[in-house]
Amino acid sequence: MEKKLFFLSADIEGVTDVTSWDETEKGQEDYREAREQMTAEVSAACRAILDCGHDVIVRDGHDSARNIYHAKLPRGIKLMRGWANHPGSMVAGIDEKYAGLLFVGYHSPGGVGYNPLAHTMSASKLAYVKINGRLASEFTINRLFAAQYGVPAIFLSGDKGMCDLAAEEVPDIVTVAVKEGRGGSTFNMHPLDACDAIYEQVRKTVSMEHAAPVLPEELELEVRCIHHQAAREGLVIPGVELIDDHTIRYVAKTPTELNFIRSYVTR
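Residues numbered from 1 in each chain as written. Predicted model: local features only at pLDDT ≥ 70, side-chain atom pairs only at ≥ 80, totals over all residues. Heavy atoms only, no water.

Caption draft 1: Molecular detail of the pairing of strand E10 (residues 219–225). In terms of residue burial, E10 counts as a mostly covered element, since five of its seven residues are buried. Taken together, the six bridges between E10 and strand E12 (residues 247–252) define a ladder with antiparallel strand orientation. Along E12, the bridge assignment pairs Glu222 with Arg249. (Buried < 20%, exposed > 50% of the residue type's maximum accessible area, 1.4 Å probe, protein only. Helix = DSSP H or I, 4+ residues; strand = E, 2+ residues; numbered from the N terminus. Pairing = 2+ DSSP bridges.)

Set out below in structure tokens:
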């Protein structure tokens, strides 16, 4: 059997039981429990990959990018912490050597009500992001970045709304919905059951053949800013258009270019 290398990007708002912003922020009383469960769900995915005879690199992609307890992951797992000042952001470092991209703890995008914590990149600055006319999640942005290196998105765990959206974008992706948003609440799997489900489905997906990703020729980015000042700041970049006082548009040729524009208005 050929030994493969996988890339895993982890977030926290899509982890089971995480319902409030207080649970996602360092220094808050409830943050430790969310951090523990984020680590446990990532660990379950890692164990599945290792048990199938493959390797994985983990990218902590939430907030400070210093959330996962490295010592609680299986031995041998390399963890990327902190921000690399790289256009890949939550998938910084991904390239052609990876056989597939997995997402753990991912959440629904800004513009939908599937998760009380639904947002795209910045809940305080962006109302929504669209790519080619469709609401884009952080999953969308990161899978497109990986696609330019030929790396397919093969697994996602998170809220049910995000799982459904991921399946629309990538029909053969394997998903685990660990919770479902209901207004300002979440209906959650037991933490241990969530880890078991992630383990089993990751084992399944790394044993499958996945279709090669296809990139569109152009990526039309539409960003709706919460504050009108941020939208106008984007006009300093050549090619950025102001659609209305809060919304900018830009047509990118590559996901790297798209990420540069998007990151400018969330800096």
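Caption draft 2: Representation of the sheet that holds strand E6 (residues 134–135). One open sheet accounts for five strands, arranged E6-E5-E10-E12-E11; its pairing is antiparallel. What marks the edges here is a single partner per strand, and that holds for E6 and strand E11 (241–244).

Caption draft 3: Structural context of the pattern of salt bridges. Under the criterion given, the structure shown has 12 salt bridges. Linked by salt bridges that have partners in common, Arg32, Glu36 and Lys72 make up one network. (Salt bridge = Lys/Arg side-chain N within 4 Å of Asp/Glu carboxyl O.)

Caption draft 4: Inspection of the sheet that holds strand E3 (residues 78–80) at higher detail. Taken in spatial order, the seven strands line up as E3-E2-E1-E4-E7-E8-E9 in an open sheet, and their pairing is mixed. One side of each edge strand has no neighbouring strand; the edge strands of this open sheet are E3 and strand E9 (185–188). Going from strand to strand, the sheet's axes swing by 25° on average, the running direction of each strand aside. Inspection of the sheet shows strand E7 (residues 153–159) paired to strand E8 (residues 174–182) by five bridges, in the parallel sense. Its bridge partner being in E8, Asp159 is matched across the sheet by Lys179. Against the sheet, helix H3 (residues 160–169) contacts strand E4 (100–106), E7 and E8, and its axis sits at roughly 155° relative to E7. (Axes fitted to C-alpha atoms, helices over the stretch in contact; angles between N-to-C directions. Contact = heavy atoms within 4.5 Å.)

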